[in-house]
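Secondary and tertiary structure notes
Each chain, written out:
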Amino acid sequence: MNQLKSLTTVFLLSCSTLGTTAWAADLQHHNDHHEMGAVQIHNAWSRPTPPGAAMGVGYLTITNNGAEDVSLVAAESPRASRVSIHETSMHEGMMRMQPLSGGLAIPAGGTVELRPRSYHLMLEQLKEPLMEGEMIPVRLDFNGAEDVTIKLVVQSLDGMGMDHSHHMDHSEMDH
Ligand SMILES: [Cu+2]
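Here we summarise the structure given alongside this text. Being a predicted model, the structure only gives us computed values, none of them experimental.

A few points about the coordination of the copper ion
Those donors, His86 (ND1), Met97 (SD), His120 (NE2) and Met122 (SD), are the protein atoms that reach the copper ion, and they lie 2.1 to 2.2 Å from it. Considering all 4 donor atoms around the copper ion, the spread of angles at the metal, 98 to 122°, places the coordination shape in the tetrahedral class. Counting along the primary sequence, the residues that act as donors to the copper ion give the motif H-x10-M-x22-H-x1-M. Of the two residues, Met97 is situated in strand β5 (residues 94–99) and His120 in strand β8 (residues 120–126); the sequence distance between them amounts to 23 residues. His120 sits in the buried class, given a relative accessible area of 0%.

So, in structure tokens, the structure goes:
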């Protein structure tokens, strides 16, 4: 019962306005097809972008409740020409990011966070700015699990972050 409750909560938090057919089907058939609905997404968010900015970010937490490893291999959004999966690393004191070539693995029973300074989605060639309060649809394509469509809530959370002492003035580069 608790698990069902938390599942429902996640559903409401991350997907409240999305076409819910796929999710409803997943919930309904959860017991019959345990590979389906194995992947849960929560805390999906993005940052507002200044006018003319080419790129936006996407952060989320992926939990794999299935018995098999899965990987996030691609993503797309109607708001961007392309969505890539990036990782951020420090190299000689410089932060840089690069596309993940083989996808992002989420081990069976594991959770992977896409968050600032780490893995993230890169929304490239934005068609228009991401405005605070908007919900940005993104489809996540998984190997080993059903595709999931989520919505990123656009919000300015950086002020609440623990690690904002530097990079204050190049936040656009701060993925
Ligand atoms: Cu990036």
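Here the narrative resumes.
A word on the pattern of salt bridges
Per the counting criterion, the structure on display carries 6 salt bridges. Glu124 is the partner of Arg82 in a salt bridge, and the nearest nitrogen-oxygen pair spans 3.1 Å. Separated by 42 residues along the polypeptide, Arg82 in strand β4 (residues 80–91) and Glu124 in strand β8 bring together distant segments of the chain. Among the ionic pairs, Arg115 bridges to Glu113, the shortest N-O distance being 4.0 Å. Classification of Arg115 as partly exposed rests on a relative accessible area of 39%. Glu113 gets classed as partly exposed once you look at its relative accessible area, which sits at 42%. Taken together, the shared-partner salt bridges connect Glu76, Arg139 and Asp141 into one network.

Remarks on the packing of aromatic side chains
Under the definition given, this model contains 1 aromatic pair. Judged by centre distance (4.7 Å) and plane angle (50°), the ring pair of Trp45 and Tyr59 falls under tilted. Taken together, the residues Trp45 in strand β1 (residues 39–46) and Tyr59 in strand β2 (residues 56–64) connect sequence positions 14 residues apart. Judged by its relative accessible area of 0%, Tyr59 falls in the buried class.

The rules behind the values
As a convention, each chain's residues are numbered from 1 in the sequence order in which they are written. For a predicted model such as this one, the threshold for reporting local features is a pLDDT of at least 70, and the threshold for listing and counting side-chain atom pairs is 80 or more; totals across whole chains, interfaces and linings nevertheless cover every residue. Think of the side-chain values as coming from all heavy atoms in the structure, minus any hydrogens and water. Only nitrogen, oxygen and sulfur atoms qualify as donors, provided they sit within 2.8 Å of the metal or within 3.2 Å for Na, K and Ca; with water excluded from the atoms, sites may seem incomplete. Every angle between 85 and 135 degrees makes a four-donor site tetrahedral, while opposite donors more than 155 degrees apart, with all other angles between 65 and 115, make a four-donor site square planar and a six-donor site octahedral; other sites are irregular. Counting from the N terminus, the helices are the DSSP runs of H or I reaching at least four residues and the strands are the DSSP runs of E reaching at least two. Throughout, exposure labels follow a simple rule: accessible area from a 1.4 Å probe, protein chains only, divided by the maximum for the residue type, with under 20% read as buried, over 50% as exposed, and the rest as partly exposed. Any carboxyl oxygen of Asp or Glu within 4 Å of a side-chain nitrogen of Lys or Arg constitutes a salt bridge here. Note on ring pairs: Phe, Tyr and Trp rings are taken, using the six-membered ring of Trp, and paired if centres are within 6.5 Å. Classes follow the plane angle, with under 30 degrees stacked, over 60 edge-to-face and the rest tilted.

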